[in-house]
Every structure is written in C-alpha cells, then in structure tokens.
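Architecture and fold: a report
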Amino acid sequence: MTIAGTMGYEREQQIPGDYDPNYVPDSVKSFVVHMYRHIREKNVYEIHQMYETSFQSISDRFFKDAPWPSVDAVAPYVDNDHVFCLLYREMWFRHLYARLSPTLKQRIDSWDNYCNLFQVVLHGVVNMQLPNQWLWDMVDEFVYQFQSFCQYRAKMKSKTEQEIALLRQYGQVCHCASPVPYGMRQAWNVYGVLNYLQALVEKSMIIQILEQEKEGLEQFTATDGYDYSGGSNVLKVLGYFSMIGLLRVHCLLGDYHTALKCLLPIDISQQGVYTSVIGSHITTIYHCGFANLMLRRYTDAIREFNKILLYIFKTKQYHQKSPQYEQILKKNEQMYALLAISLSLCPQVKLVEEVVNSQLREKYGEKMLRMQRYDDEAFALYDELFSYACPKFITPSAPSYEEPLINYNQDAYRLQLKLFLYEVKQQQLLSGVRTFLKVYSTITLGKLAAYMEVDEPTLRTILMTYKHKTHAVDFDGKITSNADIDFYIDDDMIHVAESKPAKRYGDYFMRQIVKLEGVMTDVDRIKLE
C-alpha cells in the first residue's frame, strides 16, 4: 500500500444522458496526478489548496450537473493506488449528493466506499497527512448521507418495486458489535454508523490523548492535530471529529443525554481542533446547544448560542468565498431562532452579548414579545421557530414493506415537536408565578394564592413545579438553576431573591469609540474652502 463534505443537499436532478464516466478531461488528469503526488509527499498545504479550491473550480467548470469521471477511469493516472481511489470515490459521491439526486444503488455504493475507507484507517497502515477540513468533511458527509438515507427510505409511497426489492436486500437486520460485518449487506444501518464512529474514537485513543494533553504530555490541540514528526494525523483527527459525529447522530435520534455525553472529552469552553474548521465549530455548538435546550438546560444553551453567534458575526466576512458560506448563514439564522426560544423560556438576557442581542431583537423582537403570552398564537410561534431551527430528525428502523405503503419520514420530527410543545405548555403556569415574584421581595402564600385565583395547596404545587422546571442536573450530578428569580418559603411567607444583572460599560464605550472614529473619518473627508 503506497499511501494510506461540505454538507450537500439533494436536488431533483438526474445524470445527463450524454455523461461519459470514462471520459477524463485534461484538467481532471492534472488534478488527480498532482493530488496523488502531494498526498504521497504529505504536502498538507497543497492538498488543502487543491481540495478546497481546485476541486470546486473544476466542478463548476465541467461538472455542474454531472458526476466526475468514474474511479476506474482515473485509476491508471494514480498507479491504481487503492487508498487514493477510495479517497477519490469519497469526493465523487459527495459531489454527486451536492449537485444531483443519488439513486438507491449509488447510496449503497457510497456506504460501501465509506466501509472500505474506514476499514483501511482502522486496520491498515495509514501513512499520510490530510487537511483537517477534508477529515471533517468525511465525518460530516458520512452522517449526512446516513440522515439522507433514512429520510429517503421513509418515503415509501413513491418507491418502485425494484427499489423496495433493493431495500429488502440491503436492509437485513444484524446486531453485531463490530463494524467489520457492515459492508455489502447492510447499507446505512444505524448500528453500523454508530459502530464505525465509535470504533474510530476508540482506535484513535483520542480520549486518552486529550486527557494526557491536560497534563502537558501531548500537543494535539497546539498542532491542530497534525503530526510534525513524520507520522499520520488521519486516525487521530478522524477519531476526534467522530465524537462530534456521534453528538450529531444521537441528536438526530432524539437521545440528548447520550449526545452530550459523547462530547464530554472535548472542552468546548476552550479553543480546540473543532474550532479549526468553521463547519465543525458550528455543527458542534449548534447540536450541543439544541441538546441543552431539549434537556431544559436553558442557560447552557443560551451561553453556547451566544458564543457561536458572536463568533460568526465577527468572522463571516472571511468565509464569503467558501463553498460552505450558504450553510454558515443558514445555521446562523437557525441558531438565532433557537436563542429566541431559549430566552423566551428562560429570560436571561444578561447572558447575551450586546451585539448578539441587538441582532436578535431585530430578527425576532416582536415574536419574542408575543411568545411571552402563552396563548394559541404564542404556541404557534414556538411551533414555527422550532420547526425552522431543529435538526432533521430520523427514524432509524427499517420500514414495513407490506401494503399499503406509507410515508413515515415526518414521524420523528412530529414526536420531538410534540414533546417540546408539551414542555412549553407546562411553562404557562410558571409565567404567572414569575410575574408576581418579580414585583415582591416578600409575599404571603395566601396573598399570592388570591392574586392567582387558586387555593394554597394548589399554589404550593405550582411553586414546586416552578422550582423543578427552572432547575436541571448537569453531567457532574449538580443541580443548576436556569431562573433569574429564586425564592424560599419560611412558614407561610415567600422570600424572593432576584439576581441583579451586572452593568456592562465596556460594550457601550466600544460602540461610542467606533462611532467617534466614523465621525472623524467623515470630517477628514470634508474639504474646507
């Protein structure tokens, strides 16, 4: 063995009839020859340039609505190198998913290719350095194609007899613990996807490496995962990104506790390898924030969304030419919607930076006021924002092939929406309690019960519910509060303690300095006669 995606969206577009998989334009010959040489020489900078720039420009010029040449056609130009051909096919399928609509057979072939590629990484001798962007795209696309396959399989009404027969053939149930059996027989099975990601985490020993780094024994983060001693970064970095892949898969399945548990080895309060790739950074915080939102850890969700939205606000202009720019903007808008939900359920505006809060009010200020009312219109707004911003949930189980065939691709989404809106409705009682508690520093149970038009036992139940709903258990087992108001009851007297937000003078002065500089610049441009 000589050497060992941007998240695409399917379009209803078929391969052109005049497409010749065996025709290789000169630019493609040059691309694969040079890419092969740079991989053999471990020239990460040139690999990255070709992967990010050349591949996109050639795609735009020759393959806007067609696949790249087949791997068999380009193999002779790269010494028929097995591993390079696997890498080329990984890019080939990612391009197909981004520009065209893959057939069922192509989906299965792409699964096959990932199986073969990951088997080489897990069990072969891999001696190459690849850019973090490419390694992230592998994991990201692997999860995306699994998600896409589950959505495709769930739309049973439009399936032909041939497609159903193929789904039966490649959908046999197997509960093996090892990723090895998953290949030709069982395409995109949830156990296979999870097992490959987990196998990459374990074989790379990335959890141990990150632990040793805390003790100063490793330099993984300092080197962005690259190996400058002549080794390979592929297994370690794939293992690292696979933890984020597991976070995403478990969120798609609605298992939020396990999702966050998979991310525990990565300290997302600090810069890390996950921040070296913008797609990885956004995916990590988006799914982490969403999981915290669904687990009622609203303050954690607000902090995470605030941090990433501030980062995107400051840096998005540097990614305008990136093929991921549209995806960055879409996730940015979705996270503002999730932040609006989080702040409506837990009004902790003090956790949000001034610039993020300004953008949020511009986008959702009016809706957030209406969401505080908890009437039918408010629930409709919660429904609208959740549906817009949530992940595309999946049902991983195989369908029923018996007549009548039904579509069940929306079932998982409807279940998560139902659970979310049930939680929102439970907050309705709490909004009244919070309104009164903000007005008083002390109030008797009888007086508050009279105001709320309930008896005292019912009020005690409501207050206990408030305590329960505004507290959550973190992974250390500690109970943390989401409330901006806390209280305790001594005999029949309620004592209220409201947290006072710290005044921020820094942001105000910075904005005024920027305005003054703008005025000075305008003054300098004026020519005095």
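The present account deals with the structure reproduced in this document. (Residues numbered from 1 in each chain as written. Predicted model: local features only at pLDDT ≥ 70, side-chain atom pairs only at ≥ 80, totals over all residues. Heavy atoms only, no water.)

1. Remarks on the overall build of the protein
- A count of helices and strands for the protein gives 20 helices and five strands.
- In terms of overall size, the protein behaves like a compact globule, its C-alpha atoms giving a radius of gyration of 27 Å where 529 residues would be expected to give roughly 24 Å.
- Taken along the three principal axes of its C-alpha coordinates, the protein extends 85 × 85 × 55 Å.
- Within the protein, the proportion of its 529 residues that are buried is 52%.
- Of the accessible surface of the protein, which amounts to about 25,800 Å², a share of 53% is contributed by carbon and sulfur atoms. (Helix = DSSP H or I, 4+ residues; strand = E, 2+ residues; numbered from the N terminus. Rg over C-alpha atoms; globule rule 2.2 N^0.38 Å. Buried < 20%, exposed > 50% of the residue type's maximum accessible area, 1.4 Å probe, protein only. Areas by Shrake-Rupley, 256 points an atom, 1.4 Å probe, with all protein chains shown as cover.)

2. Quick word on the nonpolar core
- By size, the foremost hydrophobic cluster in this structure holds 152 residues, and its most contacted members are Leu130, Trp134, Tyr240, Phe241 and Ile341.
- Apart from residues no more than four positions distant in its own chain, Tyr240 is found in contact with Ile206, Leu210, Phe220, Ile266, Gly272, Val273 and Tyr274.
- Grouped together as the second largest cluster of nonpolar side chains are 17 residues, Leu445, Leu459, Ala483 and Phe487 included. (Core = buried A, V, L, I, M, F, W, Y, C linked by side-chain atoms within 4.5 Å. Contact = heavy atoms within 4.5 Å.)

3. Details of the pattern of salt bridges
- Taken as a whole and assessed by the stated rule, the structure comprises 20 salt bridges.
- Arg37 is the partner of Glu41 in a salt bridge, and the nearest nitrogen-oxygen pair spans 3.9 Å.
- We note a salt bridge from Asp375 to Arg373, for which the minimum N-O separation is 3.3 Å.
- With a relative accessible area of 29%, Asp375 lands in the partly exposed category. (Salt bridge = Lys/Arg side-chain N within 4 Å of Asp/Glu carboxyl O.)

4. Considering the environment of Arg296
- Along the chain, Arg296 falls in the loop between helix H12 (278–294) and helix H13 (298–315).
- Residues Arg296 and Thr284, spaced 12 residues apart in sequence, show a C-alpha to C-alpha distance of 18 Å.
- Excluding residues that lie within four positions of it along the chain, Arg296 makes contacts with Glu423, His468, Lys469, His471, Ala472 and Asn482.

5. Considerations on unusual backbone geometry
- Its identity as a non-glycine residue notwithstanding, Glu453 has a phi of 60 degrees, on the positive side.
- Take Glu453: it is sitting in the loop between helix H18 (445–452) and helix H19 (456–469).
- Given the relative accessible area of 74%, Glu453 is considered exposed.
- The phi angle at Asp491 is positive, at roughly 60 degrees, despite the residue not being glycine.
- Tracing the backbone through its elements, the reader meets Asp491 in the loop between strand E4 (485–490) and strand E5 (493–498).
- Given a relative accessible area of 67%, Asp491 falls into the exposed group.

6. Observations concerning the packing of helix H10 (residues 234–253) against H12
- Where H10 meets H12, the closest approach of the two axes is 10 Å, and the angle between their N-to-C directions is 40 degrees. It follows that H10 is oblique to H12 by the angle criterion. In this structure, H10 meets H12 at a crossing whose hand is left-handed. Residue-level contacts link Phe241, Ile244, Leu247, Arg248 and Cys251 of H10 to Ser280, Thr283, Thr284, His287, Cys288 and Ala291 of H12.
- Each residue belonging to the contact of H10 with H12 can be placed in one class, and the counts come to six nonpolar, four polar and one charged. (Axes fitted to C-alpha atoms, helices over the stretch in contact; angles between N-to-C directions. Parallel < 35°, antiparallel > 145°, perpendicular 65-115°, else oblique. Left-handed = near helix turned anticlockwise from the far one by under 90°. Nonpolar A, V, L, I, M, F, W, Y, C, P; charged D, E, K, R; others polar.)

7. A few points about the packing of aromatic side chains
- Applying the stated criterion across every chain, the model contains 31 aromatic pairs.
- Where Phe149 meets Tyr152, the ring centres are 6.5 Å apart and the plane angle is 40 degrees; that geometry is what we call tilted. Separated by three residues within a single helix, Phe149 and Tyr152 lie in helix H6 (residues 132–154), roughly one turn from each other.
- Given a relative accessible area of 14%, Tyr152 falls into the buried group. (Phe/Tyr/Trp six-rings, centres within 6.5 Å; stacked < 30°, edge-to-face > 60°.)

8. Overview of the packing of helix H2 (residues 44–62) against helix H4 (residues 82–99)
- In the contact formed by H2 and H4, the axes pass within 13 Å of each other and the chain directions differ by 55 degrees. Viewed along their axes, H2 and H4 adopt a mutual orientation that is oblique. Once H2 is placed against H4, the crossing between them reads as right-handed. Where H2 approaches H4, its residues Tyr51, Phe55, Gln56, Ser59 and Asp60 are matched on the opposing element by Met91, Arg94, His95 and Arg99.

9. Remarks on H13
- Taking 1.5 Å per residue as the helical rise, H13 with its 18 residues ought to reach 26 Å, and the 26 Å between its terminal C-alpha atoms agrees with that figure.
- When H13 is considered as a whole, its buried residues turn out to be Tyr298, Thr299, Ala301, Ile302, Glu304, Phe305, Asn306, Ile308, Leu309, Leu310, Ile312 and Thr315. (Expected span 1.5 Å × (residues − 1).)

10. Regarding the side chain of Arg153
- Structurally, Arg153 can be placed in helix H6.
- Here Arg153 occupies a buried position and makes no salt bridge, while the nearest side chain of opposite charge, Asp411, is found at 12 Å.
- Excluding residues that lie within four positions of it along the chain, Arg153 makes contacts with Lys159, Leu167, Thr395, Pro396, Ser397, Ala398, Pro399 and Tyr408. (Lys, Arg positive; Asp, Glu negative; His and termini not counted.)

11. Things to note about the environment of Ala187
- Mapped onto the secondary structure, Ala187 falls in the loop between helix H7 (161–170) and helix H8 (190–204).
- A relative accessible area of 4% places Ala187 in the buried class.
- In this structure, the C-alpha to C-alpha distance between Ala187 and Cys115, residues 72 residues apart in sequence, is 9.6 Å.

12. Overview of the state of the cysteines
- Tallying each qualifying case throughout the model produces zero disulfides.
- With no disulfide of its own, Cys288 lies 8.4 Å from the sulfur of Cys251, the closest cysteine sulfur.
- Judged by its relative accessible area of 5%, Cys288 falls in the buried class. (Disulfide = S-S within 2.5 Å.)

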